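Next come the chains, spelled out residue by residue.
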There are 2 protein chains.
Amino acid sequence: MNVNSAFAIIAEPNRRAILGLLAQSERSVGDIERALRMPQPSVSKHLRVLREAGFVEARIDAQRRLYRIRPEPLREVDAWLAPFRRFWSAHLDALERHLDRMEEAPRRRKGRKR
Amino acid sequence: MNVNSAFAIIAEPNRRAILGLLAQSERSVGDIERALRMPQPSVSKHLRVLREAGFVEARIDAQRRLYRIRPEPLREVDAWLAPFRRFWSAHLDALERHLDRMEEAPRRRKGRKR
DNA sequence: TCATTATATACTACTATAGGTATATGCCCG
DNA sequence: CGGGCATATACCTATAGTAGTATATAATGA
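Read on for an overview of the structure.

**Looking at the overall build of chain A**
Then step 1. Secondary structure assignment for chain A yields six helices and three strands.
Then step 2. Across chain A, helices and strands are ordered from the amino to the carboxyl terminus as α-α-β-α-α-β-β-α-α.
Then step 3. Here chain A holds 114 residues, and 36% of them are scored as buried.
Then step 4. Put simply, 45% of the contacts in chain A that link residues at least 6 apart link residues at least 24 apart.
Then step 5. Approximately 7,700 Å² of chain A is accessible, and the part contributed by carbon and sulfur atoms is 46%.

What follows is the structure in structure tokens.
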């Protein structure tokens, strides 16, 4: 599987973790390294992949590079999801009512499926 | 990379194509095979991966299996995107004008003005 | 029953990628 | 200018996953 589509890029859990961090704020490589407890070369390599795929961009601050999100590729993913949303948004109201009822109702049986 | 997360499953382009088809309607293996011009074993194998990951379920109709979408795993993906939406929703109006010009919108988003 | 259609699985080979380790590059400051 | 910090890259290895081919299973209808 080639890492060329946005989907392949975010298939890697560490990269998703990095993106999750950067969603909060700009961070240096060292910040990420410490926050995620990953070896530095690993962080740099994942950042390279993310950068080349357009998910992040770097800004130089002395010896550090501050990385931040670039949203475009994630928007692609979001767009791809569009045709599927009807599977849940259509029934969202009914589902919400259902969940509301379950939450407030006393438990009648345990071990519900799914 | 283990194919255990929803993200790894949809990293494979053929699987996304299959899901795209099934988003429209239930289909048999043969339908998919013809629509996507893929070898039948390949279709079956991808469907197996999708099924075991909860993206699709099969219903038996004589010798055929009719596959259809199960939305849960895709909702996970949708949920993961939440923290990133602020990066583009702020500029959504401009984005929509842009998209209107590029592709055309098959479905108008409701209540969004420009 | 047999032939045919529909789908699944087994097996092999290839390739891409992630992790680990070592080292290189580059910048700052004393 | 040299030492130390921050980051990047090169190299190697292991492994997961896909495609391809052949074959198995199962249901149908003649």
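There is more to say, and it comes next.
**Section: the relation of the copies chain A and chain B**
Then step 1. Relative to chain B, chain A is turned by 180° and slid 0.0 Å along the rotation axis, the superposed coordinates differing by an RMSD of 0.2 Å. The transformation relating the two chain copies, once decomposed into turn and shift, fits a two-fold axis. Closest to the rotation axis within chain A is the C-alpha of Ala11 of chain A, separated from it by 3.1 Å.
Then step 2. Of the residues that chain A buries at the interface, 97% are likewise interface residues in chain B, meaning the two copies contact each other through the same surface.

**Focus on the environment of Ile10 of chain A**
Then step 1. Here Ile10 of chain A is to be found in the loop between helix H1 (6–9) and helix H2 (13–24).
Then step 2. Sequence separation of Ile10 of chain A and Pro73 of chain A is 63 residues, and the distance between their C-alpha atoms is 9.9 Å.
Then step 3. Ignoring anything within four residues of it in the chain, the contact list for Ile10 of chain A reads Arg16, Leu19, Phe55, Leu74 and Val77 of chain A together with Phe7 and Trp80 of chain B.

**Side note on the sheet that holds strand S3 (residues 64–69) of chain B**
All names here are of chain B.
Then step 1. Pairing is antiparallel in the open sheet, where three strands are placed in the order S1-S3-S2. Of all strands in the sheet, those with a lone pairing partner are strand S1 (27–28) and strand S2 (56–61), marking the two edges.
Then step 2. Two strands pair when backbone bridges link them, and S2 and S3 are joined in this way by six bridges, in the antiparallel orientation. Counterpart to Val56 in the pairing with S3 is Ile69.
Then step 3. Of the strands in this sheet, S1, S2 and S3 are in contact with helix H2 (residues 13–24), which crosses S3 at around 90°.

**Overview of the sheet that holds strand S3 (residues 64–69) of chain A**
Residue and element names in this part refer to chain A.
Then step 1. As summarised here, the arrangement of the three strands in space is S1-S3-S2, forming an open sheet in which the pairing is antiparallel. Single-partner strands in this sheet number two, and they are strand S1 (27–28) and strand S2 (56–61).
Then step 2. Strands S1, S2 and S3 of the sheet are contacted by H2, whose axis makes an angle of about 90° with S3.

**Points about helix H3 (residues 29–36) of chain B**
Residue and element names in this part refer to chain B.
Then step 1. Along H3, the residues that are buried comprise Val29, Gly30 and Ile32. All buried residues of H3 project into a common sector of 160° when viewed along the axis, lining one side.
Then step 2. Where H3 is buried, its residues touch H2, S1, helix H4 (40–52) and S3.
Then step 3. At the exit of H3 stands Arg37, carrying a positive phi of roughly 50°.

**Re the nonpolar core**
Then step 1. Counting residues in hydrophobic clusters, the biggest one holds 50 residues, and the most contacted among them are Leu19 and Phe55 of chain A together with Leu19 and Phe55 of chain B.
Then step 2. The residues contacting Leu19 of chain A, other than those within four sequence positions of it, are Ile10, Leu50, Phe55, Val56 and Ile69 of chain A together with Trp80 and Phe84 of chain B.

Reading guide: rules and limits
Residues numbered from 1 in each chain as written. Chains lettered and ligands numbered in written order. Predicted model: local features only at pLDDT ≥ 70, side-chain atom pairs only at ≥ 80, totals over all residues. Heavy atoms only, no water. Helix = DSSP H or I, 4+ residues; strand = E, 2+ residues; numbered from the N terminus. Buried < 20%, exposed > 50% of the residue type's maximum accessible area, 1.4 Å probe, protein only. Contact = heavy atoms within 4.5 Å. Areas by Shrake-Rupley, 256 points an atom, 1.4 Å probe, with all protein chains shown as cover. Least-squares fit on C-alpha atoms with pLDDT ≥ 70 in both. Pairing = 2+ DSSP bridges. Axes fitted to C-alpha atoms, helices over the stretch in contact; angles between N-to-C directions. Arc of directions from axis to C-beta. Core = buried A, V, L, I, M, F, W, Y, C linked by side-chain atoms within 4.5 Å.

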